[in-house]
Amino acid sequence: MALRNIVTQGEDCLTKVCRPVASFDSRLHTLLDDMAETLEDANGAGLAAPQVGVLRRICLVLDEDTEEYIELINPEIIAMSGEQTGLEGCLSVPGKWGIVTRPNYVRVRAQDRDGNWFEAEGEGLTARAFCHEIEHLDGHLFVEHVDHFLTDEELQDYISEDEE
Ligand code: NI
């Protein structure tokens with residue numbers, strides 16, 4: 001396994017529509033293993049393939065309940081409900097945080113690393129991560145939903161309110 005370089009906002013690969021994965025081969029498995037290591041190293045909640053310069057429909061999402069990464073290949077959101085408004089950031093937009101409204105519940109259909117279809121669901125932060133990462137695969141960043149980025153002071157206030 002190896003760490004991959006995370007590209008940042010301004011790079012072309014973050015604005016492209018990614019292609020579906022057709023080959024569930026050792027090259028895909030190496031990419032998934034590298035993405036997991038990169039995500040763990042960055043202490044993030046999710047990572048999409050375009051963030052490491054690969055224009056394929058692949059992402060990893062941290063499941064807040066099991067604290068494990070779910071590998072999603074060719075994922076689609078098949079159901080959503082409710083609404084949540086909360087803090088969001090992105091490894092490709094370092095140091096910037098904004099308030100984004102997302103569905104509170106999301107169900108996705110995706111393939112695993114061997115090509116088997118499965119469904120996964122999540123609420124709260126996991127639902128937020130599903131939306132954020134799958135959006136990356138169509139070239140979108142969370143910043144498109146943000147009116148203004150939080151100042152350091154606002155960020156501290158937000159975090160301390162959240163802990164109360
Ligand atoms: Ni992101």
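Scroll up to find the structure.
Remember, predicted model here, so these are calculated numbers, not experimental data.

Draft legend 1. Focus on the coordination of the nickel ion. Here the nickel ion is held by the protein donor atoms Cys90 (SG), His132 (NE2) and His136 (NE2), which lie 2.0 to 2.3 Å from it. The sequence motif formed by the donor residues of the nickel ion is C-x41-H-x3-H. Taken together, the residues span a long stretch of sequence, with Cys90 in the loop between strand S4 (84–88) and strand S5 (98–102) and His132 in helix H2 (residues 124–136) at a distance of 42 residues.

Draft legend 2. Region of interest: the sheet that holds strand S6 (residues 105–111). Pairing in this open sheet of five strands is antiparallel, and the strands run S1-S2-S3-S6-S7 from one edge to the other. Edge positions in the sheet fall to strand S1 (46–48) and strand S7 (117–123), since each has one partner strand and no second. The average angle at which neighbouring strand axes cross in this sheet is 40 degrees, direction not considered. With six bridges connecting them, strand S2 (residues 58–63) and strand S3 (residues 68–81) associate as antiparallel partners.

Draft legend 3. Region of the structure containing unusual backbone geometry. Located in the positive-phi region is Asn43, a residue other than glycine, with phi close to 60 degrees. Note that Asn43 resides in the loop between helix H1 (26–42) and S1. The backbone phi angle of Glu67 is positive, close to 60 degrees, even though this residue is not glycine. Within the secondary structure, Glu67 sits in the loop between S2 and S3. A residue is classified by how much of its surface remains accessible, and Glu67, at 67% relative accessible area, is exposed.

Draft legend 4. Region of the structure containing the pairing of S3. Linkage of S2 to S3, two consecutive antiparallel strands, is achieved through a turn of four residues, within which Glu67 is found at a positive phi near 60 degrees. With six bridges joining them, S3 and S6 adopt antiparallel strand pairing. Within S6, the position partnered with Ser81 by the bridge is Tyr105.

Draft legend 5. View of the layout of surface pockets. Here the largest pocket is characterised by a volume of approximately 610 Å³. What lines the largest pocket is a set of 29 residues, among which Gly44, Ala45, Glu88, Gly89 and Trp97 lie closest to the centre. Of the residues contributing to the lining of the largest pocket, the split by class is 12 nonpolar, 11 polar and six charged. As a volume, the second largest pocket reaches approximately 320 Å³. Around the second largest pocket sit Arg4, Val21, Ala22, Ser23, Asp25, Arg27, Leu28, Leu31, Val54, Arg56 and Ile58, which together line it.

Draft legend 6. Examining the side chain of Glu133 more closely. Considering the arrangement of structural elements, one finds Glu133 in helix H2. For Glu133, which is buried and forms no salt bridge, the nearest opposite charge comes from Arg102, at a distance of 8.3 Å. Within polar-contact distance, the side chain of Glu133 engages the backbone nitrogen of Leu47 at 3.4 Å. Those residues in contact with Glu133, other than ones at most four positions away along the chain, are Gly46, Leu47, Ala48, Gln51, Cys59, Leu60 and Val61.

Thresholds applied
Residues numbered from 1 in each chain as written. Predicted model: local features only at pLDDT ≥ 70, side-chain atom pairs only at ≥ 80, totals over all residues. Heavy atoms only, no water. Donors = N, O, S within 2.8 Å, 3.2 Å for Na, K, Ca; no water. Helix = DSSP H or I, 4+ residues; strand = E, 2+ residues; numbered from the N terminus. Pairing = 2+ DSSP bridges. Axes fitted to C-alpha atoms, helices over the stretch in contact; angles between N-to-C directions. Buried < 20%, exposed > 50% of the residue type's maximum accessible area, 1.4 Å probe, protein only. 1 Å grid on protein atoms, 1.4 Å probe; cavity = no way out; pocket = protein on both sides within 12 Å on 5 of 7 lines; lining within 4 Å. Points joined across faces, edges and corners; volume = space filled by probe spheres on them. Nonpolar A, V, L, I, M, F, W, Y, C, P; charged D, E, K, R; others polar. Lys, Arg positive; Asp, Glu negative; His and termini not counted. Salt bridge = Lys/Arg side-chain N within 4 Å of Asp/Glu carboxyl O. Polar contact = N/O pair within 3.5 Å; in protein donor to acceptor, adjacent residues only side chain to side chain. Contact = heavy atoms within 4.5 Å.

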